[in-house]
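A closer look at the structure
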Amino acid sequence: MDAKEEERRRTLFQLFDSIEQRGGTLFILGDFFDFWFEYPGYIHPALKEVVTRLLQVRDRGVEIHYIGGNHDFWVRDLILREEAMYFYPDHIAFTAGEDAADGGIRFYLCHGDGLLKNDHGYRLMKKVLRNPLAIFGFRLLGPSWGYRLGEKANNRSRHNYTVMLPYLQRDADEMMVWQAGRLSEGYDICIMGHIHYPELRQEASKSRLLLGDWVVPNHRYYALWDSDGIQRIQI
Ligand SMILES: [Mn+2]
């Protein structure tokens, strides 16, 4: 494990500590793992520590809701095997604080992949990646080849962020417009990941958030909703 990954895990586990102390419900909006493919009875050695720590959060009373991302959709099988952990292939829509006089706050949470207008190629690939026959074939490769291929694909999709920043900003703007569509359907808070560009826009009582990522140090954010409303917190 390189020093950057060690630091990321230390920070993540500190965040998990604080979630356990606070209690509540944890929503993971996808791409929590760089790559995950499910092989029966197998967890990649490099990921074991993180899986163990995540299950510990659950054991300490925090219900976990996980939306599959484009890098970790297949974590579904692991999550579905576990108690008090829930998996969503696309999005979660729910109302919280229903006992409030105004009928509660309506949330729309999703990962956000395949939504950009120009992402035609990815939308096709998403169909392939989620196709039962393709999954069957990938499983036949076995974990050693499967993870080697997955990591190769990840390295190719990893860009130089300084070069990418203006494009990410443009994507973030487009996703803000998409999120505005959800708010106009009646949702109060829309949150997504995927775009690698943190953003928060609040108008009246409505909020739109992009969470950023854990690759670029100053992009790390999480959202916290409690009696004070929604907050975006930088780690
Ligand atoms: Mn993604």
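Since the structure is predicted, the reported quantities are computational estimates derived from the model, not experimental observations. (Residues numbered from 1 in each chain as written. Predicted model: local features only at pLDDT ≥ 70, side-chain atom pairs only at ≥ 80, totals over all residues.)

Some thoughts on the pairing of strand β2 (residues 63-67)
Pairing geometry for strand β1 (residues 25-28) and β2, over 4 bridges, is parallel. Among the inter-strand pairings, Leu26 is bridged to a residue of β2, identified as Ile64. As defined by bridge partners, β2 adjoins strand β3 (residues 85-88) across 4 bridges and the pair is classed as parallel. By the bridge assignment for β3, Ile64 is matched with Met85. (Pairing = 2+ DSSP bridges. Helix = DSSP H or I, 4+ residues; strand = E, 2+ residues; numbered from the N terminus.)

Considering the sheet that holds strand β5 (residues 105-110)
Pairing between sheet strands relies on hydrogen bonds along the backbone, with the strands arranged either parallel or antiparallel. One open sheet holds the 5 strands; their spatial order is β4-β5-β6-β8-β7, and the pairing between them is mixed. At either margin of the open sheet sits one strand with a lone partner, and together these are β4 (91-96) and β7 (199-203). Direction aside, the axes of adjacent strands within the sheet are offset by 10° on average. Across the face of the sheet, helix α7 (residues 161-184) comes into contact with β5, β6 (189-192), β7 and β8 (206-210) while running at roughly 145° to β8. (Axes fitted to C-alpha atoms, helices over the stretch in contact; angles between N-to-C directions. Contact = placed C-beta atoms within 7 Å.)

Some remarks on the sheet that holds β3
Overall, parallel pairing links the 3 strands, which are arranged β1-β2-β3 in an open sheet. Both outer strands of the open sheet, β1 and β3, are each paired with one neighbouring strand and no more. Ignoring strand direction, the axes of neighbouring strands in this sheet form an average angle of 15°.

What to know about the nonpolar core
Core analysis: the biggest nonpolar cluster contains 32 residues, and Leu29, Ile67, Val75, Leu109, Ile191, Met192 and Leu210 have the highest contact counts within it. Elements supplying a minimum of two residues to this core: β1, β2, α3 (76-81), β5, α7, β6 and β8. (Core = buried A, V, L, I, M, F, W, Y, C linked by C-beta atoms within 7 Å. Buried ≥ 20, exposed ≤ 12 C-beta atoms within 10 Å, placed from the backbone.)

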